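Understanding the architecture of this molecule
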Amino acid sequence: MERPPAAAGALASRPVQAPEVWIVDDDRSIRFVLAAALRDARLAVREFGDAAAVRAALRDARPALLLTDVRMPGEDGLGLLAKLHAQGIGPVIVMSAYTDVATTAAAYRAGAVDYLAKPFDLDHAVDVVRRALSEQPAAPAAPPAPPAHALLGESAPMREVFRLIGRVAASDLNVLVTGETGTGKELVARALHEESARRGQPFVALNTAAIPSELLESELFGHEAGAFTGAARRVAGRFEQAEGGTLFLDEIGDMPLALQTRLLRVLAGGEFYRVGGRELIRGNVRIVAATHQDLDARVAAGQFRADLKHRLDVVRIELPPLRARRADIPLLARHFLAAAAQELKLPPKRFSRAALKALEQRDFPGNVRELENLCRRLAVIARSAEIQTAELGSSPASSAAGDWTAALHDWAGQALSRGEADIHARAREALDRTLLEAALAAHGGHRQHAAAALGVGRNTLTRKLGASRKRS
């Protein structure tokens, strides 16, 4: 009896087994909606409420991919992730509502291939799962567990910054941190250091714009005794001080061209001489540079070497200005207010809901630094335990938008009506002091930049600032 010819056709039409994705989360609603989205994408799904249930299931099956929450009853997601990675089970994607630097970096170190910040878009989550199933990249080696950081934020732009820090911290790649003055570029550099294998070694920071150009070479590379007038002994430079660790070069865009050439040779060969020295020194230092300037524009203008930019700009982390992450303002304001009270040994204060809402509407041209300074001031001068909107003072944006000359006219009229004398000198002193303070705040205390913004010389600014302080 002949075999029916349909047998071959039956084999050919047997459905292909869909990859099985496991979801581990103690929140039933998260599991439900995510599982539904993945099934709509033609993926097989199994759901688990805790790590113990996953370990039991692993005795009989292996997932093509696993998504796990971080904070769950019993063993947390990072512990489960580490064990799965050690057994070669993966890829694993971590999900969490806690998107601080330490948690994000710990997930990548433990072997996660991606990180979904809750609440997430379901379409994005499905795309992340599909990409992980197709790529399945190798997980990085795990350095020691890191401490917590003061780099705060829950907004989408900051979550992306945290993700990038988590991905690149374990490498030795040079990083360029860009962003406006006051956005926290040094905090990013410190986070990169603390999340790396170099965390037990020195972190050395140098503001290249704050050192006179004739002394900057010695600051970077050190000098021998007698190398120049006043060099009485050998001094190690920042490169030697940072040996084995991280050297943070802030305001790198202001570095003189001649010194850029010297720095380029060090980055290319890893070797340098002290000023006035003949001993060749080989360094093992990771470079993190930062600038608030547009380096591409400075390269085009011939003010910055293109080859040095390429050496520094291997990975770029761009910090958003505070006005682009307004959702973080309440979190930051509460943090700074509490920190100021603790540091200054003052009774704790809190913002009213209306005050926090008002802060969210401000542009904060000085960014996080400006918000921190405002909170420190309020910790001292606010009269009650709850800070109200009226105590915030006028916003720089709203003040600039108004006609300040009209306010000056009113003040002068009232002073004259009272018979007050020397109002011209008093107004001029107040104007100088206000402009100086505003320019210094906008440029992070950098006098040369503040003077340039005001259109005066640095010596003039220093003299006026000294005179203002004597009068006050």
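Residues numbered from 1 in each chain as written. Predicted model: local features only at pLDDT ≥ 70, side-chain atom pairs only at ≥ 80, totals over all residues. Heavy atoms only, no water.

1. A word on the overall build of the chain
The following threshold applies: Strands here are runs of E lasting at least two residues and helices are runs of H or I lasting at least four, both read from the DSSP assignment and numbered beginning at the N terminus. Under the scheme applied here, a residue whose accessible area is under 20% of the maximum for its type counts as buried, over 50% as exposed, and between as partly exposed, the area being computed with a 1.4 Å probe on protein chains only. Contacts are assigned to residue pairs with any non-hydrogen atoms lying within 4.5 Å of each other. Accessible surface area values rest on a Shrake-Rupley calculation with a 1.4 Å probe, where residue burial reflects the displayed protein chains alone.
Within the chain one finds 21 helices and 14 strands. In the chain, buried positions account for 42% of the 472 residues. Restricting the contact set of the chain to residue pairs at least 6 apart, pairs at least 24 apart contribute 71%. As displayed, the chain has an accessible area near 24,700 Å², and 52% of this comes from carbon and sulfur atoms.

2. So, the sheet that holds strand S6 (residues 175-178)
Quick note on the threshold: Here, a strand pair is defined by DSSP locating no fewer than two bridges between the strands. All axes here are fitted lines through C-alpha atoms, helices being fitted over the stretch that makes contact, and every angle between N-to-C directions spans 0 to 180 degrees.
Taken in spatial order, the five strands line up as S7-S8-S11-S6-S12 in an open sheet, and their pairing is parallel. Unpaired on one side and paired on the other, strand S7 (203-207) and strand S12 (315-318) mark the two borders of the sheet. The average undirected angle you get between the axes of adjacent strands in this sheet is 20 degrees. Bridge count for S6 against S12 is four bridges, and the pairing is parallel. Bridge pairing links Val 175 to Val 315 in S12. Seen against the sheet, helix H7 (residues 156-168) touches strand S11 (286-291) and S12 and runs at an angle of roughly 155 degrees to S12.

3. Observations concerning the packing of helix H14 (residues 329-344) against helix H15 (residues 353-360)
Put simply, the test is: Crossing chirality is assigned from the near helix's rotation relative to the far helix, an anticlockwise turn below a right angle marking it left-handed and a clockwise turn marking it right-handed. Three residue categories are used. Nonpolar comprises Ala, Val, Leu, Ile, Met, Phe, Trp, Tyr, Cys and Pro, charged comprises Asp, Glu, Lys and Arg, and polar comprises the others, including Gly.
Look at H14 against H15: their axes get within 9 Å of each other, and the N-to-C directions meet at 120 degrees. Between H14 and H15 lies a crossing whose hand is right-handed. Seen from H14, the contacting residues are Ile 329, Pro 330, Ala 333 and Arg 334; seen from H15, they are Leu 356, Leu 359 and Glu 360. Partitioning the contact of H14 with H15 into residue classes produces five nonpolar, no polar and two charged.

4. Section: the sheet that holds strand S2 (residues 44-48)
Across the sheet, five strands lie side by side as S2-S1-S3-S4-S5; this open sheet has parallel pairing. Edge strands, defined here as strands with exactly one partner in the open sheet, are S2 and strand S5 (114-117). For this sheet, the mean inter-axis angle between neighbouring strands, taken without regard to orientation, is 20 degrees. By the bridge criterion, four bridges tie strand S1 (residues 20-24) to strand S3 (residues 65-69) in an arrangement that is parallel. By the bridge assignment, Val 21 is partnered in S3 with Leu 65. Helix H2 (residues 28-40) rests against S1, S2, S3 and strand S4 (92-96) of the sheet, and its axis sits at about 170 degrees to S2. Together, S1, S3 and S4 form the strand contacts of helix H4 (residues 77-86), whose direction differs from that of S3 by roughly 155 degrees.

5. What about the pairing of S2?
By the bridge criterion, five bridges tie S1 to S2 in an arrangement that is parallel. Pairing of Val 21 across the sheet is with Val 45, part of S2.

6. Structural notes on the confidence of the model for the chain
We count it as follows: Per-residue confidence from the predictor is reported as pLDDT, a score between 0 and 100.
On average, residues of the chain carry a pLDDT of 82, and 86% of them reach 70 or more. Across residues 397-403 the pLDDT falls below 50, and counting only partners more than four positions away or on other chains, this stretch makes two contacts in the model.

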